[in-house]
Amino acid sequence: MSPFSVDPDIARAQTINTRFYTDPVLYEAVKEKLFAPSWQFIGGSHLVQDAGQCHPFVLLEHFLDEPLVLIKDKEEQLHCLSNVCTHRGTIVVHEPCRLAQLRCRYHGRIFRLDGGFQSMPEFKEVANFPSKADDLTALPLFQWGPWLFTSLDRQSGYQPYLQDMINRIGWLPVNDFVFRPEHSKTYEVAAHWALYCENYLEGFHIPFVHAGLNAVIDFGNYTTELFQYANLQLGIAKDDEDCFDLPTSSPDYGKKVAAYYFFVFPNMMFNFYPWGLSINIVEPAGIDRCNVRFLTYVWKDDKFNTGAGSNLDTVEMEDEEVVKAVQQGVRSRFYQHGRYSVTREQGTHHFHRIIAAFLATTP
């Protein structure tokens, strides 16, 4: 049995072996085994609002480090393409701009805005040219409201990752959510990326770590629901204030929902509050550190920074303190496994089970 196997019976299971957090070989392996097949958040559709706009970016910089470019073509279709020229491998688009075509400045190879090869000087004598290999690789692209997602695996579908979340809160007018950069922030966390995710995945620690959040959340009615590559922690308010006004079409109608905490494997968190959404993206930056981007989208300004969605910076500092302590602890020679609370740590157990399954696959 693999040292990273996790028993499907949470009552019998041990947590994943601590080598997962400390072994540099495994840190490298998860790039292709966990992250490359997954779906990742690109940003908002505001990045390419007009025809011809191009937005180059690096997917999970300093980890996957994949150069990509988001483009809206002349027919206003969106494309996510490899930003690497198929001739000699240089970067094609270097900065946000508006273009009629993509032209590599190294040797003049030209591509259409959909990535298709168009022309190349001094190549008349080249046999079997051009071919499909001369096009820029097109990646799958999914848009939900104002949010864009892609995967490096061109065969990967978004549904196992995102569809359960979309179904659950389909009544929300997500196109009305407005990005607020002044309320967004990136945190540098001295801990392995998975330790940060595990902390998010259980509300068990709320009464012990988050006094402010515990004051507004009914911990006794805090629940976790598991999906294929995602899960939901449902935060119920202690009173009638600062909760969603749910329509009768919602499966949660009649509940005092203060927050929907969705986790999408392996590293995305979507925290819906009555005022809007905080998207948290965990970006591995080393075996013992990660960066966490908090991206704020406001729906109702009059409710902003209230209820379970208030004082998020304070909550983050509290989380960072305990996660950094766990980072120290997993290096101990005296600790290899823990156990799970059957009633409170279903999300962490599910996360470990998915990791174990992905690690067991061949590249």
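Residues numbered from 1 in each chain as written. Predicted model: local features only at pLDDT ≥ 70, side-chain atom pairs only at ≥ 80, totals over all residues. Heavy atoms only, no water.

Details of the sheet that holds strand β6 (residues 102-103)
Here three strands make up an open sheet; going across it, the order is β6-β7-β8 and the pairing antiparallel. Edge positions in the sheet fall to β6 and β8 (117-119), since each of these pairs with one other strand and no more. Bridge count for β6 against strand β7 (residues 110-111) is two bridges, and the pairing is antiparallel. Within β7, the residue paired with Arg103 across the bridge is Ile110. (Pairing = 2+ DSSP bridges. Helix = DSSP H or I, 4+ residues; strand = E, 2+ residues; numbered from the N terminus.)

Things to note about the domain arrangement of the protein chain
Entries for the protein chain in the domain assignment read domain 1 (40-155) and domain 2 (173-360). The partner domain 2 presents 17 residues to the 13 residues of domain 1 that form the contact. Taking both sides of the interface into account, the surface hidden between domain 1 and domain 2 amounts to around 1200 Å²; carbon and sulfur atoms contribute 72%. When the area that domain 1 buries against domain 2 is broken down by residue, the three leading residues are Gln40, Phe41 and Trp147, summing to 44%. (Domains from an automatic or database assignment. Contact = heavy atoms within 4.5 Å. Buried area = accessible area lost by both parts, 1.4 Å probe.)

Looking at the UniProt feature "domain: Rieske" (unreviewed entry) in the protein chain
Mapped onto the present numbering, the UniProt feature "domain: Rieske" (unreviewed entry) falls at residues 39-140. Between the first and last C-alpha atoms of residues 39-140 the distance is 9 Å; the span itself is 0% helix and 35% strand. (UniProt positions renumbered as here; feature names shortened; annotations may be inferred.)

Considering the sheet that holds strand β5 (residues 97-98)
Each strand in a sheet pairs with its neighbour through backbone hydrogen bonds, running either in the same direction (parallel) or in the opposite one (antiparallel). Taken in spatial order, the five strands make up an open sheet running β5-β2-β3-β4-β9, and their pairing is antiparallel. At either margin of the open sheet sits one strand with a lone partner, and together these are β5 and β9 (138-139). Note that strand β4 (residues 78-82) and β9 share two bridges and pair antiparallel. Paired with Cys80 across the bridge in β9 is Leu139.

Remarks on the packing of helix α4 (residues 193-200) against helix α8 (residues 346-359)
Where α4 meets α8, the closest approach of the two axes is 8 Å, and the angle between their N-to-C directions is 145 degrees. Counted together, Trp193, Ala194, Cys197 and Glu198 of α4 and Thr348, Phe351 and His352 of α8 form the full contact between these two elements. When the residues that make up the contact of α4 with α8 are grouped by side-chain class, the tally is four nonpolar, two polar and one charged. (Axes fitted to C-alpha atoms, helices over the stretch in contact; angles between N-to-C directions. Nonpolar A, V, L, I, M, F, W, Y, C, P; charged D, E, K, R; others polar.)

Some remarks on helix α3 (residues 159-168)
Within α3, the full set of buried residues consists of Tyr161, Leu162, Met165, Ile166 and Arg168. Across the axial projection of α3, the buried residues extend over an arc of 165 degrees, all falling on one side. (Buried < 20%, exposed > 50% of the residue type's maximum accessible area, 1.4 Å probe, protein only. Arc of directions from axis to C-beta.)

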